[in-house]
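# Topology and contacts: notes
The primary structure of each chain is shown beneath.
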Amino acid sequence: MWPFSKKGPSGFSSSSTAEQVTHGVDGTGLTAIVTGASSGIGTETTRVLALRGVHVVMGVRNMIAAKDVRETILKEIPSAKVDAMELDLSSTESVKKFASEFKSSGLPLNILINNAGIMACPFKLSKDNIEMQFATNHLGHFLLTNLLLDTMKKTTLESKKQGRIVIVSSEAHRFSYPEGIRFDKINDQSSYNNWRAYGQSKLANILHANELTRRLKEDGVDITANSLHPGMIATNLFRHNNAMNVNVIGRLVLKNVQQGAATTCYVALHPQVKGISGKYFSDSNVAMTTSQGSDADLAKKLWDFSMNLIK
């Protein structure tokens, strides 16, 4: 895949793997949470962070799958520190329970990777009666980040190491509804389009990182927040899309999981990203979003809207 990919300013490209972009980086003493860590790029992100010495807590819906992932990683890396905790991002109750249990563990938190996601699923409401893609991809992560921010701030102050919040978005943010975020029609089934709703949730991820950056800077806190596009990857995210036969065309146009986890690991760990915040990355390089993706007023409006939904 991507045999002729061109390296960007970072020295990496679309064909770089997660191991390559973190080569020589020592994450010993750092603690990270990775959501959606029991499959796809979440699993590879967990493995590579553990390989670099990071203590990883997997936030997962499927604890049985997480146990298998943990055992596989420990076989390869006996010194790895990997734990799993139950987390369903479509449920505010589950998110609150996860955050409470994590805080009770007394663990520090240097890196928060909001990776979990669902893609282009049929219309459905979450347990909290919010459209499922918006609820899972944006709102659950928004709430989780808010609940863990004080822990991150405390860790940053005590460790004197910059905290990093990494939000996995997508180039699909370019294909949201024309208005970007449909504040008045989030739950409107009659005009629901599964791909545009996915794009909307991914645009929300970018706007979340941008507004979070503004607030963290205002607070004078040494924590960065960035969003990223991992690339088109052959994972089970495609389960709702019959039009794309991943097996047939996958090897031609899609990244493998090792390449797909690269940008996440780069933004989470690489010294080049120190101090950079409110940016959107693709192929382990800073990239451009749509005009909506850099709209500060839209980001603030989404923040206030999200705060009202989680109250």
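The present account deals with the structure reproduced in this document. (Residues numbered from 1 in each chain as written. Predicted model: local features only at pLDDT ≥ 70, side-chain atom pairs only at ≥ 80, totals over all residues. Heavy atoms only, no water.)

## Overview of the environment of Q292
Put simply, the rule is: Where helices and strands are cited, they refer to DSSP runs of H or I of at least four residues and of E of at least two residues respectively, numbered from the N terminus.
Within the fold, Q292 resides in the loop between β8 (285–287) and α10 (296–310). As for Q292 and P178, which are separated by 114 residues in sequence, their C-alpha atoms are 9.8 Å apart.

## Structural notes on the packing of aromatic side chains
What counts here: Working definition: rings of Phe, Tyr and Trp (its six-membered ring) pair if their centres are within 6.5 Å, and the pair is stacked with planes under 30 degrees apart, edge-to-face with planes over 60 apart, and tilted otherwise. Here's how the labels work: a residue is buried when its accessible area is under 20% of the maximum for its type, exposed when over 50%, partly exposed in between, all with a 1.4 Å probe on protein chains only.
Under the criterion given, the structure shown has seven aromatic pairs. Between F12 and Y266 the ring centres are 5.8 Å apart and the planes differ by 70 degrees, which places this aromatic pair in the edge-to-face class. Taken together, the residues span a long stretch of sequence, with F12 in the segment before α1 (18–21) and Y266 in helix α9 (residues 262–269) at a distance of 254 residues. There is no split in this pair, since F12 and Y266 are both buried. An angle of 75 degrees between the planes, with centres 5.1 Å apart, marks the rings of F183 and F305 as edge-to-face. With F183 in the loop between β5 (163–168) and α6 (194–219) and F305 in helix α10, this residue pair connects regions lying 122 residues apart in the sequence. Across the pair, F305 and F183 agree in class, each one buried.

## Focus: helix α3 (residues 63–76)
Applied cut-off: To estimate the expected span of a helix, subtract one from its residue number and multiply by 1.5 Å. Whether two residues are in contact is decided by their heavy atoms, any of which lying within 4.5 Å being enough.
Along its 14 residues, α3 runs 20 Å from first to last C-alpha, staying within 8% of the 20 Å computed at 1.5 Å per residue. Those residues of α3 that are buried lie in contact with α2 (40–51), β2 (55–60) and β3 (81–86).

## Considerations on the nonpolar core
Basically, it comes down to this: Take the buried residues of types Ala, Val, Leu, Ile, Met, Phe, Trp, Tyr and Cys, join any two whose side-chain atoms come within 4.5 Å, and each joined set is a nonpolar core.
Residues I33, F134, L148, I165 and I181 are the most contacted members of the largest nonpolar core, which totals 41 residues. Broken down by secondary-structure element, the contributors of at least two residues to this core are α4 (92–105), α5 (132–159), β5, α6, β6 (223–229) and α10. Ranked by residue count, the leading element in this core is α5, at nine residues. Within the second largest apolar cluster, 37 residues are counted, among which are A18, V48, M58 and L228.

## Comments concerning the environment of I64
As for its placement among the helices and strands, I64 is situated in helix α3. You can call I64 exposed: its relative accessible area is 66%. Expressed as a C-alpha distance, the spacing of I64 and S38, which sit 26 residues apart in the sequence, is 8.9 Å.

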